[in-house]
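# Fold and contact review
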Amino acid sequence: MKARATMVALVPCLLFAAVGCSGSPAPAAGRSPDPKGSAAAPAPGASGAPAVSAAPKAKDATLEASAFRQGDLPGYQISAQGKNPNAPDGQPQADKKACQPLADVMGDKPDPAAHETVNRGIGSQKEAGLAVSASVSSYDESDAKRVLSRLREAVAACGAGFTATVQKQTGSYRDVKATPYKADGDESVSWTTTAAAAGVSAQVHLVVVREGDRVVRLMALNVASADKKVLVPQEVSDKQLEKVRKAG
């Protein structure tokens, strides 16, 4: 139980610095979830996890419309939480220049050039422990293209791994491997890595997709079985990109 609680607290909230813990259970019977998503609830084994506030609305109305709402994904619980108070602020700094784009994508936004980012936590009610973080960011289109280009180069250059530090907290990412993944956008990049900090590690899958001047970032891991290989569920990425297109 202690190891699981550590994983829930550490991996989504420290290494996934942009969001609070996801993997929330279904709302209690008789309760109607907030249509934008619930406040973050503790994942299994994380009793006593601190509550976090609902996410503020994006200034960009189309960006806000792109974000998941409760009910968008049957079989999943959506958390529209703000950033977990235990997560450090800012963009992680990589120890290798070539790997900085991979460190950036673990930060508050996928890249410093992003104008605004909305985040959601997604907990599977079908696969125990599966947690996904989803974000949509607005960019100038040229900057959005540059994000994808830099990520592809970094994945190719950083197979041996790297470390990243934010607010004196350091995580390592090893075995960075490009992973085939179908994403229905203008362009995409997908990779897996093993993330570790404070003696705890987890298999992580990341997908970043560009749709015009929007960049979608999806990250998945299993908080109940950290060494289990995971992929972002296809239905999650398909629905996220559908919402981005509909929002304009």
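## Some points on the side chain of Gln70
Its location among the elements puts Gln70 in the loop between helix H2 (61-66) and strand S1 (76-79). A polar contact is formed between the side chain of Gln70 and the side chain of Gln77, at a distance of 3.5 Å. One polar contact links the side chain of Gln70 to the main-chain amide nitrogen of Ile78, over a distance of 2.9 Å.

## Concerning the packing of aromatic side chains
One pass over the full model with this rule turns up 1 aromatic pair. When the centroid spacing of 5.1 Å and the interplanar angle of 20 degrees are considered together, the rings of Phe162 and Tyr173 count as stacked. One end of the pair, Phe162, is in strand S5 (residues 162-166); the other, Tyr173, is in strand S6 (residues 169-178), with 11 residues separating them in the sequence. Take Phe162 and Tyr173: they sit in the same class, and that class is buried.

## Details of the pairing of strand S9 (residues 214-222)
Along S9, 9 of the 9 residues are buried, which leaves the element largely enclosed by surrounding structure. Because side chains alternate across S9, one face comprises the buried residues Arg214, Val216, Leu218, Ala220 and Asn222, and the other comprises Val215, Arg217, Met219 and Leu221, equally buried. For strand S4 (residues 130-138) and S9, the ladder comprises 9 bridges, and the chain directions are antiparallel. Counterpart to Ala131 in the pairing with S9 is Leu221. Two strands pair when backbone bridges link them, and strand S8 (residues 200-211) and S9 are joined in this way by 7 bridges, in the antiparallel orientation. Looking at S9, one finds that His205 is bridged to Ala220. Hairpin connection of S8 to S9: 2 residues between the antiparallel strands, including Gly212 at a positive phi of 65 degrees.

## Looking at unusual backbone geometry
Positive phi, close to 55 degrees, is recorded for Asp175, a residue that is not glycine. Tracing the backbone shows Asp175 in strand S6. By relative accessible area, which is 40% here, Asp175 ends up partly exposed.

## What about the side chain of Ser66?
Within the element layout of this structure, Ser66 appears in helix H2. In this structure Ser66 comes out as buried when scored by relative accessible area, which is 1%. When near neighbours in sequence (up to four residues on either side) are disregarded, Ser66 contacts Val136, Gln240, Lys243, Val244 and Ala247.

## Let's talk about the pattern of salt bridges
Considering all chains together, one arrives at 16 salt bridges under this definition. For Asp184, the salt bridge goes to Arg245, with nearest N and O atoms at 3.6 Å. One end of the pair, Asp184, is in the loop between S6 and strand S7 (187-197); the other, Arg245, is in helix H5 (residues 234-247), and 61 residues separate them in sequence. Among the residues examined, Asp184 registers a relative accessible area of 48% and is labelled partly exposed. Note that Arg214 and Asp213 form a salt bridge whose closest N and O atoms lie 3.6 Å from each other. Arg214 sits in the buried class, given a relative accessible area of 7%. On the basis of relative accessibility, which here comes to 32%, the residue Asp213 falls in the partly exposed class. Connected through salt bridges with shared partners, the residues Glu141, Arg152, Asp186, Glu187 and Arg210 form a single ionic network.

## With respect to H5
In this model H5 runs 20 Å from its N-terminal to its C-terminal C-alpha over 14 residues, within 8% of the 20 Å that 1.5 Å per residue would give. Residues of H5 that are buried include every one of Val236, Ser237, Gln240, Leu241, Lys243, Val244 and Ala247, and no others. Here the buried residues of H5 occupy an arc of 155 degrees about the axis, which is enough to place them on one side. Looking at the residues trailing H5, positive phi occurs at Gly248, about 80 degrees.

## Description of the pairing of S6
Both S5 and S6 contribute to a ladder of 5 bridges, which runs antiparallel. If you follow Phe162 over to S6, its bridge partner there is Tyr173. Linkage of S5 to S6, two consecutive antiparallel strands, is achieved through a turn of 2 residues, within which Gln167 is found at a positive phi near 50 degrees. Both S6 and S7 contribute to a ladder of 5 bridges, which runs antiparallel. Across the sheet, Tyr173 pairs through a bridge with Ala195, a residue of S7.

Conventions adopted
Residues numbered from 1 in each chain as written. Predicted model: local features only at pLDDT ≥ 70, side-chain atom pairs only at ≥ 80, totals over all residues. Heavy atoms only, no water. Helix = DSSP H or I, 4+ residues; strand = E, 2+ residues; numbered from the N terminus. Polar contact = N/O pair within 3.5 Å; in protein donor to acceptor, adjacent residues only side chain to side chain. Phe/Tyr/Trp six-rings, centres within 6.5 Å; stacked < 30°, edge-to-face > 60°. Buried < 20%, exposed > 50% of the residue type's maximum accessible area, 1.4 Å probe, protein only. Pairing = 2+ DSSP bridges. Contact = heavy atoms within 4.5 Å. Salt bridge = Lys/Arg side-chain N within 4 Å of Asp/Glu carboxyl O. Expected span 1.5 Å × (residues − 1). Arc of directions from axis to C-beta.

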